[in-house]
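Here is how the chains run, residue by residue.
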Amino acid sequence: MKVIVLGAGIIGTSSAWFLQKDGHEVTVIDRQPSVALETSFANGCQISVSHAEPWANPSAPLKILRWLGQEDAPLLYRFSANWLQWSWTLRFLRECTTRRTIENIKHIVALADYSRLTLQQVRAETSINYDCLTKGILHFYTDQKEFDGSLAAAKLMRELGCPRQHIKPDEVVQLEPSLAQMRYKIVGGDFTASDESGDIYKFTAGLAQQSMEAGVNFEFNTSIIRLITDNNEISRKITSVEVQRADGQIEILYADAFVLALGSFSEQLAKPLGINLMIYPGKGYSATYPVINPDTAPTISLIDDGFKLVTSRLGDRLRVAGTCEFNGYSTELNEVRCAALTRRTQELFPDACDYRQPLYWSGLRPLTPSNVPYIGKTNITNLYLNTGHGTLGWTMGCGSGRAIADIISGRQPEVEFPFHRF
Ligand SMILES: Cc1cc2nc3c(=O)[nH]c(=O)nc-3n(C[C@H](O)[C@H](O)[C@H](O)COP(=O)(O)OP(=O)(O)OC[C@H]3O[C@@H](n4cnc5c(N)ncnc54)[C@H](O)[C@@H]3O)c2cc1C
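Note that the coordinates shown come from a computational prediction; the quantities given were computed from them, not determined experimentally.

J.: So what exactly am I meant to see when it comes to the side chain of Ser264 here?
T.: Along the polypeptide, Ser264 turns up in the loop between β13 (257-260) and α8 (266-270). Residue Ser264 is classed as buried on the basis of its relative accessible area, which comes to 2%. Looking at Ser264, its side chain comes within polar contact range of the main-chain oxygen of Leu364, at 3.1 Å. Not counting residues within four places of it along the chain, the set of residues in contact with Ser264 comprises Ile279, Pro281, Tyr329, Leu364, Arg365 and Pro366.

So, in C-alpha cells, the structure goes:
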C-alpha cells in the first residue's frame, strides 16, 4: 500500500520506519529542510515512563491560578480570545478529577512502557548513536509539601509496574554527586533505574537516514495545505494531499492511506474534514550548555521538582528544559524565561558548564487536555491519527509509530491502549 505520512518529527519518522518494515511504500512530507526541526529538536530528552502524571491532575487548577501573571512561572497561562484555547481549557479542567487522572496515567504508562521497549529494540537493531544514557531518572525535591504530595503518585506508578522508589536526601547525592552542594536544600527524592535519556534530534535524524536507505521517500521544504476527500457520502476517503513546494509550486500527491503526525498543527489540518482535535500548543523552553568540567556535571537525568525543570547529559553538552506557556503558536523566545533556566542551572552546577553562550530554544508541545495522544483510525476510511503526544512525545514515540503501523497493516497493536476511531 502507498502511505503518506504528514510530518517528520519523532512521531511521523517512527511511523514511517515501522510502515516500511511492513512492506508499505512510504512518503513523509515536512515543511522543514530536514527531520525533527520543530518540537522534536531540543527537548528535555527524557524517556520517562515513571513520571507519566499528566498536567491535568487535582492540584493543577490552584497552581495555575497562583502562577497567573508571573513571567518566570513554571506554567504560565495567558488568556486570549482563541476559541480553541477556551474549549481546550474547559476539557483540561474536566480531566483534573482524581478518577480521570488515574485513568489517564494508566493509558500513558502502558504506552510509554511499550514505547521504551520498542526504542530499546530499535536501538539494538540500528545502532543509532544519540548520546543515550541508561542510568535512570532521579527526581529531587526541595519542598517538603511537594515531596509528601508525590508519595501517592509514586505509589500508583509502582502499582502500574514502574519501579519508582523514594529515597533520602543523602541517597540522592550518593546517586548523583554533582548535587552535593545542594544537599542542604534537598528534602527527598525518587529514583527509577529503568528510565533513560538521549538526544531526540540525533535519534530521529538517524532513524530517518536508515529509513531512506530502506526506501522511504522524504519530501522536505514542502508545506501541507489541505487533505482532499472524494464525494462518497457513505464512506469518505482521502484521495490526495495538496502541497506547496519551496519555489511556490502547488502539487497534488496521491496515496492509499494518510497518517496525520503534524504535532501542534494537526488540529488545523483535521478541522476542515470535520475532525475536531483538542490539541493546543504548550510552549516550552530549553537551554543547552557545553560541559567544561565533566566531574561536576550530572550524568543521571534529573527532575528538579521546585523549578519543574529536567536535565539530561548529552555527551559533552548539558540540556535543561521545561516550563510551559499557553500563548498560541509563536516560538519567540521570552528573555525572562530563558534567563530563569540559566540562573537555576548555574545555581545547581556552578562549575560544570560554560554559561556564557547558552543555546536557547523553544518548542510547542502538542497538548491534549489529558496528555493521552490520538492514535488510530478516523471516520474517514483511510485517514489515521498519530498526534497529540504533549509532554511525552519522545517517551511514547517509538511505540506510537509501531502501533499505527500495526493498525494500518490490519494487526492489533501489542499494547492495551484506547486506539479509538476518531
Ligand atoms: C521544552 C520541551 C521539553 C520536552 N521534554 C520532553 C522529554 O523530556 N521527554 C519526552 O518524552 N517529551 C518531551 N517533550 C515533548 C516532545 O518533544 C513532543 O511531544 C514531541 O517532540 C512531539 O513530536 P511530534 O512528531 O508530534 O511533533 P513535531 O516534532 O513538532 O513534528 C511535527 C512536524 O510536522 C511538520 N509540520 C507541521 N505543520 C506542517 C505543514 N502544514 N506542512 C508541512 N509540515 C508541517 C513540522 O515541521 C514538524 O516537523 C518536550 C517538549 C518541549 C517543548
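J.: In this structure, what is going on with the pairing of strand β17 (residues 317-326)? I would like to understand it.
T.: Remember that side chains alternate between the two faces of the sheet whenever the strand is regular. Across the 10 residues of β17, nine count as buried, placing the element largely inside the fold. Across three bridges, the pairing between strand β4 (residues 75-77) and β17 is parallel. Among the inter-strand pairings, Tyr77 is bridged to a residue of β17, identified as Phe326. In the sheet, strand β14 (residues 280-290) pairs with β17 via seven bridges, with the strands oriented antiparallel. Bridged to Pro290 within β17 is Arg317. Strand direction decides the pairing type here: strand β16 (residues 309-314) and β17, joined by six bridges, are antiparallel. From the neighbouring strand, Thr311 faces β17, where its bridge partner is Val320.

J.: I'm lost on the sheet that holds strand β9 (residues 217-219) in this one. Help?
T.: Working definition: the strands of a sheet are paired by backbone hydrogen bonds and lie parallel or antiparallel to each other. Spatially, six strands are ordered β9-β2-β1-β13-β20-β19 in an open sheet, and the strand pairing comes out mixed. In this open sheet, the two strands that pair with only one neighbour each are β9 and β19 (374-377). Across the sheet, the mean angle from the axis of one strand to that of its neighbour is 20°, orientation sign disregarded. Bridge count between strand β2 (residues 25-29) and β9: three bridges; the pairing is parallel.

J.: Whenever I open this one, the site of the ligand confuses me. Can you help?
T.: In the region of the ligand, 35 residues are neighbours, and Asp30, Ser40, Ile224, Gly390 and Thr395 sit closest. The backbone of Ile224 places a nitrogen or oxygen atom 2.8 Å from a nitrogen atom of the ligand. Take Trp394: an N or O atom from its main chain is 3.1 Å from an oxygen atom of the ligand. For the ligand, the protein covers 96% of the area, taking 1,000 Å² as the surface of the free molecule. Elements with a contribution of two residues or more to the shell around the ligand: α1 (10-21), β10 (222-229), β14 and β18 (359-367).

J.: Honestly, helix α2 (residues 60-67) in this entry has me stumped. Any pointers?
T.: Since the α-helix advances by 3.6 residues per turn, residues separated by three or four positions end up pointing in the same direction. Listed as buried for α2 are Ala60, Lys63, Ile64 and Trp67. Projection of α2 onto a plane perpendicular to its axis shows the buried side chains occupying an angular sector of 100°, all on one side. Seen from the buried face of α2, the exposed residues on the opposite side, beyond 90 degrees, are Leu62, Leu65 and Arg66. Its buried side turned inward, α2 meets β4, α3 (83-94) and α5 (144-159). Looking at the residues trailing α2, positive phi occurs at Gly69, about 80°.

J.: Is there a simple way to explain the pattern of salt bridges in this structure?
T.: Should the charged atoms of two oppositely charged side chains come close, the side chains can pair. The final tally for this structure, using the stated rule, is 26 salt bridges. Residue Arg183 is joined to Asp170 by a salt bridge in which the shortest nitrogen-to-oxygen separation is 2.6 Å. Remark: Asp170 occurs in helix α6 (residues 169-175) and Arg183 occurs in the loop between α6 and β7 (188-192); sequence separation between them is 13 residues. The exposure class assigned to Asp170 is partly exposed, which follows from its relative accessible area of 48%. Across the pair Arg356 and Asp354 runs a salt bridge whose closest N-O atoms are separated by 3.0 Å. Because the salt bridges share partners, they merge into one network encompassing Lys63, Glu146, Asp305 and Lys308.

J.: What is the right way to read the sheet that holds strand β11 (residues 238-245) from this model?
T.: The three strands lie next to each other as β10-β11-β12, forming an open sheet whose pairing is antiparallel. Either end of the sheet is taken by a strand with one partner, and the two such strands are β10 and β12 (250-254). Strand-to-strand twist of the sheet, defined as the mean angle between neighbouring strand axes without regard to direction, takes the value 30°. In the sheet, β10 pairs with β11 via seven bridges, with the strands oriented antiparallel. Residue pairing across strands places Thr222 opposite Arg245, the latter belonging to β11.

J.: Mind showing me how you'd approach a nonpolar patch on the surface here?
T.: Taken together, the side chains of Leu62, Leu65, Leu68, Phe79 and Trp86 present a nonpolar region at the surface, about 560 Å² in accessible area. Mapped onto the elements of the fold, Leu65 is located in helix α2. Judged by its relative accessible area of 57%, Leu65 is exposed.

J.: Explanation requested: the packing of aromatic side chains in the structure shown.
T.: For any two aromatic rings, the description comes down to two numbers: the centre-to-centre distance and the angle of the planes. Applying the stated criterion across every chain, the model contains 15 aromatic pairs. Look at Tyr374 and Phe422: their rings are 5.1 Å apart centre to centre, the planes differ by 80°, and that puts the pair in the edge-to-face class. Separated by 48 residues along the polypeptide, Tyr374 in strand β19 and Phe422 in the segment after α10 (397-408) bring together distant segments of the chain. Residue Tyr374 is classed as buried on the basis of its relative accessible area, which comes to 13%. Aromatic pair Phe417 and Phe419: ring centres 5.0 Å apart, planes at 55°, arrangement tilted. In this pair, the class of Phe417 matches that of Phe419, namely buried. The rings of Trp88, Phe92, Phe265, Tyr280, Phe326 and Tyr329 are connected pair by pair, giving a single aromatic cluster. The cationic tip of Arg31 hangs over the ring face of Phe265; the distance from NZ or CZ to the ring centre is 4.3 Å.

Here is what the cut-offs are and how they apply
Residues numbered from 1 in each chain as written. Predicted model: local features only at pLDDT ≥ 70, side-chain atom pairs only at ≥ 80, totals over all residues. Heavy atoms only, no water. Helix = DSSP H or I, 4+ residues; strand = E, 2+ residues; numbered from the N terminus. Buried < 20%, exposed > 50% of the residue type's maximum accessible area, 1.4 Å probe, protein only. Polar contact = N/O pair within 3.5 Å; in protein donor to acceptor, adjacent residues only side chain to side chain. Contact = heavy atoms within 4.5 Å. Pairing = 2+ DSSP bridges. Axes fitted to C-alpha atoms, helices over the stretch in contact; angles between N-to-C directions. Near = heavy atom within 4 Å. Areas by Shrake-Rupley, 256 points an atom, 1.4 Å probe, with all protein chains shown as cover. Arc of directions from axis to C-beta. Salt bridge = Lys/Arg side-chain N within 4 Å of Asp/Glu carboxyl O. Patch = residues over 30% accessible without salt bridge, like charges linked within 9 Å, V, L, I, M, F, W, Y side chains within 5 Å. Phe/Tyr/Trp six-rings, centres within 6.5 Å; stacked < 30°, edge-to-face > 60°. Lys NZ or Arg CZ within 6 Å of the ring centre and 35° of its normal.

Purely geometric numbers; function is a separate question.
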